[in-house]
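A structural walkthrough
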Amino acid sequence: MSLPGDPEDMLIDEACRELRLPAFRERFIDLAATARREQATYKQFLLGMLQAEQFGRDLRRQQRLLRLARFPMPKRLEDFDFAKNPNVTPEVVADLKSPTWVRKGRPLVLIGDSGTGKSHLLIGIGIGTAIAETGLSVRYTTTSALVNELAEADANRRLSSVIARYSKIDLLCLDEFGYLNLGRKGAKLLFQIFTEREERKATAVATNSPFTEWDKTFGDARLCAAIADRITFRCTLIQTGTDSYRYQTTQESLFPTAD
């Protein structure tokens, strides 16, 4: 093993800093010792170092994408209780873990009452976290927060740049879609986002309102129809039902079933 302050180690450390190879710099002493112990060839040692750096870069990129996604809380598919909500099948959700539908720009619509797991799915399945971990860019936001951001950008004459930024995101996750009345102006701003992303980038929405009630949110029948058309064309639809998972959990904690 190299001793602390070894001149070669110090030169390698300095070179790794300049070349921006953090994993290489962190592991070269341990990997060199392993290679010597196992009598690895120079090529095998070099391959091990390159793989360590590649793994480190992939991990840092995943972490960066997850930060940029701005998920409000950690949710994973493995934590979703399918037994509590038979409306959601593991097979359909498993298909969404693949990034194929995102790369094809296909929409996803989650419809169900409050507490049925829409947000959990939106964040945790192949939708949010799993897709971000494949290396694709994801952005989570509530619909009202997005409309407010667009309205502020419009007032400050930055609307085109904000829309351009959202048009580049591989998967846009819109939660609480249809919860609040957006008004005609808000609906128009949101419509521009859908138009820019149509059939190019994937959009996933979670809503507690059936399609027939969306006109109340947008306040304009034609605009509502145009938005619905863009969201539902070639979409995957998951109906999470009406039985609140949170209510069931609360009831079970307050009134446990006797053995």
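The rules behind the values
Residues numbered from 1 in each chain as written. Predicted model: local features only at pLDDT ≥ 70, side-chain atom pairs only at ≥ 80, totals over all residues. Heavy atoms only, no water. Helix = DSSP H or I, 4+ residues; strand = E, 2+ residues; numbered from the N terminus. Buried < 20%, exposed > 50% of the residue type's maximum accessible area, 1.4 Å probe, protein only. Contact = heavy atoms within 4.5 Å. Areas by Shrake-Rupley, 256 points an atom, 1.4 Å probe, with all protein chains shown as cover. Pairing = 2+ DSSP bridges. Right-handed = clockwise from strand over helix to strand, strands pointing away. Core = buried A, V, L, I, M, F, W, Y, C linked by side-chain atoms within 4.5 Å.

In terms of regular secondary structure, the protein chain is built from 13 helices and 5 strands. Across the 259 residues in the protein chain, those meeting the buried criterion constitute 41%. Here the analysis covers contacts within the protein chain between residues at least 6 apart in sequence; of these, 80% occur between residues at least 24 apart. As displayed, the protein chain offers around 15300 Å² of accessible surface, 53% of which is attributable to carbon and sulfur atoms.

With that out of the way, let us pick up the pairing of strand 4 (residues 202-207). Across the 6 residues that make up strand 4, a large majority, 6, are buried. The pairing of strand 1 (residues 108-112) with strand 4 spans 4 bridges and is parallel. Bridge pairing in strand 4 links Val109 to Val205. Following the chain from strand 3 (residues 171-177) across helix 10 (residues 183-197) to the adjacent parallel strand 4, one finds a crossover that is right-handed.

Moving on: the nonpolar core. Formed by 28 residues in total, the largest nonpolar core has its most connected members in Leu150, Leu174, Phe177, Leu190, Phe218 and Ile231. When contributions to this core are tallied by element, the ones reaching two or more residues are strand 1, helix 8 (143-155), helix 9 (159-167), strand 3, helix 10, helix 11 (214-218) and helix 12 (221-232). Membership of the second largest hydrophobic core comes to 26 residues, among which are Phe71, Leu77, Leu96 and Ile123.

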